[in-house]
Amino acid sequence: MKRTPPPKKKPSPIHAAATVHRKGVRKSVKKKAPSKITPGKILKYSFLLLLSAFILAAGYQYRHGFLYYLGFKTNKHIENLTKEERKIADVRNYEIISRHKDKIFGLDISHYQGYVKWDSIERIKGEFPLDFMFIRSTTGVDDDTRFKDNWIKAKQSGFLRGAYHYYRPDENSVKQAENFINMVKLSKGDLPPVLDIERISGRQSLDSLKSGLKRWLTVVENHYGVKPIIYSGESFYTDFLKEEFEGYNLWIANYSFFEDKIRDEWLFWQFTDKGAVKGIDGNVDVNIYNGTLPELNELLIK
């Protein structure tokens, strides 16, 4: 006999509702709390912002130099640049030269450059010709071993030439002046003598150093009949010499990345010590005269 299965029990409304409720329940998601802005983060992001601004500003400031160096400005590859264009090895120097096309360029050398191949220096060829050459003659009471040869060859090569003395603070100033006078025979057409002062004394006061410099300048001016030029680093001159030596023409060394134009008060500006010139081994100082060639000729000894 076939047995009929008992009917299925319907879930109670309460149970069904509870079951549906459990299935439909969503797990609550915890919201992440917003990150706190700490002083460290402010400092970090401020630094990154300033760094980015600096890079952008530097890129814009020296955009011509970068393009010039890479060959895009002149549509030439770096290996095809002229000898005068290639003499400056870094971008900053190209930029400075491009901004001073109306000025006059020259070098300064000493025995550190060794034997200069004067015949290899292409003085007039190129976009930025070289017109003058300062040559170290003496250092303290000693002589520069390459001066005599450099002095003669510079004139033979067509440079306007000048001689400079490297001043040693702890040596007698009058003897240093006499050493310079004995070594350097300036004549008509030469540049005025130059006093190179770059450091303070380790044994005497600053006032004593200044007195010695004044004695050197006076002795040399009386001998040659022309006021010497003072060479120094910008900070050294500003910190130690400016107040008492204002009447002298200045030749200032400043290689700062941010210095891109010769100042009105500088007669000469040594803007790099990393120039590269065919005929001179290693680096060489490159300088700008703050004027034209006729104006530079007016500076020469008459």
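Here, every reference points to the structure presented above.
None of the values given here were measured: they were computed from a predicted structure.

Draft legend 1. Region of the structure containing the environment of Ile288. Considering the arrangement of structural elements, one finds Ile288 in strand E9 (residues 284–289). The class of Ile288 is buried, set by a relative accessible area of 0%. For Ile288 and Trp269, which are 19 residues apart along the polypeptide, the C-alpha to C-alpha distance reads 5.1 Å.

Draft legend 2. Just the pairing of strand E8 (residues 268–275), in detail. Of all eight residues in E8, six are buried, a share of seventy percent or more. As paired elements, strand E7 (residues 250–253) and E8 share three bridges and run parallel to each other. Across the sheet, Trp251 pairs through a bridge with Phe268, a residue of E8. Strand direction decides the pairing type here: E8 and E9, joined by five bridges, are antiparallel. Bridge pairing links Gly275 to Val284 in E9.

Draft legend 3. Representation of a nonpolar patch on the surface in the model. On the surface, Tyr45, Phe47, Leu48 and Leu51 cluster together to form a nonpolar patch covering roughly 420 Å² of accessible area. Looking at where Leu48 falls in the secondary structure, it is placed in helix H2 (residues 39–61). Here Leu48 falls in the partly exposed class, since its relative accessible area comes to 40%.

Draft legend 4. Spatial organisation of helix H5 (residues 91–99). Counting buried residues in H5 gives seven out of nine residues, a clear majority hidden from the surface. Of the residues making up H5, those classed as buried are Val91, Arg92, Asn93, Tyr94, Glu95, Ile96 and Ile97.

Draft legend 5. Representation of the environment of Gln176 in the model. For Gln176, the location among the structural elements is in helix H7 (residues 173–183). Sequence separation between Gln176 and Asp142 is 34 residues; the distance between their C-alpha atoms is 8.3 Å. Leave out the neighbours within four places in its chain, and Gln176 touches Gly140, Val141, His165, Tyr166, Tyr167, Arg168, Glu171 and Trp216. A polar contact is formed between the side chain of Gln176 and the backbone oxygen of Glu171, at a distance of 3.0 Å.

What counts as what
Residues numbered from 1 in each chain as written. Predicted model: local features only at pLDDT ≥ 70, side-chain atom pairs only at ≥ 80, totals over all residues. Heavy atoms only, no water. Helix = DSSP H or I, 4+ residues; strand = E, 2+ residues; numbered from the N terminus. Buried < 20%, exposed > 50% of the residue type's maximum accessible area, 1.4 Å probe, protein only. Pairing = 2+ DSSP bridges. Patch = residues over 30% accessible without salt bridge, like charges linked within 9 Å, V, L, I, M, F, W, Y side chains within 5 Å. Areas by Shrake-Rupley, 256 points an atom, 1.4 Å probe, with all protein chains shown as cover. Salt bridge = Lys/Arg side-chain N within 4 Å of Asp/Glu carboxyl O. Contact = heavy atoms within 4.5 Å. Polar contact = N/O pair within 3.5 Å; in protein donor to acceptor, adjacent residues only side chain to side chain.

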